[in-house]
Amino acid sequence: MADDASQRRPDRPGESDPGRGRRLGVDVGSVRVGIALSDPDPILASPLVTLTRDATGDKDVDQLVGLVTEHDVVEVVVGLPRTLKDRHGPAAEAALDYAEKVAARIAPVPVRLADERLTTVTASRMLSQRGVKGRKLRAVVDQAAAVEILQAWIDAVTAHRARKGDT
């Protein structure tokens, strides 16, 4: 991956907003990919599915492309896990590679990068507090992290519209 791409910053919510329509939130992990889906307005993000990561055959990318088509998605938001020192690590590189693969397959639907520091930690804590443990936790934590990513994006876009008077 090129040096400029490896230092790519998260996108700014609200800029080049496609308007009304469903969004997909994506939490890219080394083993699983959590997917969340918004309502068409978009106001609320909900868990959709967890895909098994296939770094060699890209079956998970195929499945994600299918979800974009099936749900008439207007924007995909991929979490960019930057370090607490605001740097890229291996997880951010994997998310960037994944976002590029998806973008190449779903164009002209835009793929955005959203800062997702600590979303998996937040999602794990929330699920644990609700009594979800062990295998059940691993099965849904990626979806919950994707919900956190997508809901934060939706809320930021809503705030951006409000500031501009486009509510």
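The structure displayed is predicted, hence computed values, not measured ones.

## Considerations on empty space enclosed by the protein
Under the defined criterion, the tally for this structure stands at 1 cavity of 30 Å³ or more. Looking at the largest cavity, its volume works out to about 50 Å³. The wall of the largest cavity is formed by Asp 17, Arg 23, Pro 42, Glu 75, Trp 153, Ile 154, Val 157, Thr 158 and Arg 161. It is helix α5 (residues 134-164) that provides the largest number of residues to the lining of the largest cavity, a total of 5 residues. Residue classes in the lining of the largest cavity are distributed as 4 nonpolar, 1 polar and 4 charged.

## Here we look at the sheet that holds strand β4 (residues 73-80)
In sheet architecture, strand pairing relies on hydrogen bonds along the backbone and comes in two forms, parallel and antiparallel. Taken in spatial order, the 5 strands make up an open sheet running β3-β2-β1-β4-β5, and their pairing is mixed. Sheet topology places β3 (45-52) and β5 (111-115) at the edges, where each strand pairs with a single neighbour. Sheet twist, expressed as the mean angle between neighbouring strand axes with direction ignored, is 25°. In the sheet, β4 pairs with β5 via 5 bridges, with the strands oriented parallel. Its bridge partner lying in β5, Val 78 is registered against Leu 113.

Reading the values: rules and limits
- Residues numbered from 1 in each chain as written.
- Predicted model: local features only at pLDDT ≥ 70, side-chain atom pairs only at ≥ 80, totals over all residues.
- Heavy atoms only, no water.
- 1 Å grid on protein atoms, 1.4 Å probe; cavity = no way out; pocket = protein on both sides within 12 Å on 5 of 7 lines; lining within 4 Å.
- Points joined across faces, edges and corners; volume = space filled by probe spheres on them.
- Helix = DSSP H or I, 4+ residues; strand = E, 2+ residues; numbered from the N terminus.
- Nonpolar A, V, L, I, M, F, W, Y, C, P; charged D, E, K, R; others polar.
- Pairing = 2+ DSSP bridges.
- Axes fitted to C-alpha atoms, helices over the stretch in contact; angles between N-to-C directions.

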